[in-house]
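Structural overview for review
Listed below, chain by chain, are the residues.
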Amino acid sequence: MNLRTKLAQLILISGVLLLPARGIAQTPTVDLDKSIDLSVGSHVKVRQLLFSLQQAVAKHNPAAVAALVHYPIKVNPGKKPFVVKNEKAFIKDYDRIITHDIQDAIFKQKYEALFVNSQGVMLGDGEVWISGFCQDKNCSRSDIKIGTIQDTTNLKP
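Below: a short report on this structure. (Residues numbered from 1 in each chain as written. Predicted model: local features only at pLDDT ≥ 70, side-chain atom pairs only at ≥ 80, totals over all residues. Heavy atoms only, no water.)

A few points about the environment of Ala 67
Keep this limit in mind: What counts as a helix is a DSSP run of H or I of at least four residues, what counts as a strand is a run of E of at least two, and both are numbered from the N terminus. Contacts are assigned to residue pairs that have any heavy atoms within 4.5 Å of one another.
The topology assignment puts Ala 67 in the loop between helix 3 (62–66) and strand 1 (73–76). Measuring from C-alpha to C-alpha, the distance between Ala 67 and Lys 88 comes to 9.9 Å, with 21 residues separating the pair along the chain. Among all residues touching Ala 67, those that are not within four sequence positions of it are Glu 87 and Lys 145.

Laid out in structure tokens, this is it:
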């Protein structure tokens, strides 16, 4: 076998090895999107909510974060759980709710690494959960919002 033939085989083998890797890399995101669509309602809205949440927290914009939350919401920022009834109350208690640990979980979360189950989409180790909420009795209209905010440091091994 001459050098040209060996080189051609090497290029062919390299190309064949790269093709499955590209296909596999795309599959988890497609599967994640499908899981979110089934469990929450729309992966597009979840992706946008995650991006909006990260931007709002980075800018320390309590009003923007409050707009992403479903009310009333029971929050547990680490000391004592309490109920936040509306956006105005959320904004007032923002620094008490979005603690450093919860902020870190939000910043570190990548869309591709989201965990999804029947409860919704989990950020971090459960610090934030995004869920679909019915807006009418038949659930023909739903909204995707943050339904849980909690400190999970006491839950970690």
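The rest of the description comes next.
What to know about helix 2 (residues 43–58)
Cut-off, in case you're wondering: An expected span of 1.5 Å times one less than the residue number is assigned to each helix. The classification of residues rests on relative accessible area computed with a 1.4 Å probe and restricted to protein chains. Under 20% of the type maximum is buried, over 50% is exposed, and intermediate values are partly exposed. Directions pointing from the helix axis toward each C-beta atom define the arc.
For helix 2, built from 16 residues, the straight-helix expectation of 22 Å at 1.5 Å per residue is met to within 8% by its first-to-last C-alpha distance of 22 Å. Within helix 2 the residues assigned to the buried category are His 43, Val 46, Leu 49, Leu 50, Leu 53, Gln 54, Ala 56 and Val 57. Seen end-on, helix 2 carries its buried residues on one side only, within an arc spanning 165°. Seen from the buried face of helix 2, the exposed residues on the opposite side, beyond 90 degrees, are Val 44 and Ala 58. The positive-phi residue at the C-terminal boundary of helix 2 is His 60, with phi of around 50°.

Some details on the pairing of strand 6 (residues 142–150)
Stated formally: By the convention used here, strands pair only if DSSP detects at least 2 bridges between them.
Both strand 1 and strand 6 contribute to a ladder of 2 bridges, which runs parallel. Each residue of the ladder has a partner; that of Val 75, found in strand 6, is Ile 149. Bridging between strand 5 (residues 128–134) and strand 6 involves 7 bridges; their strand directions are antiparallel. Looking across to strand 6, one finds that Ser 131 is bridged to Lys 145.

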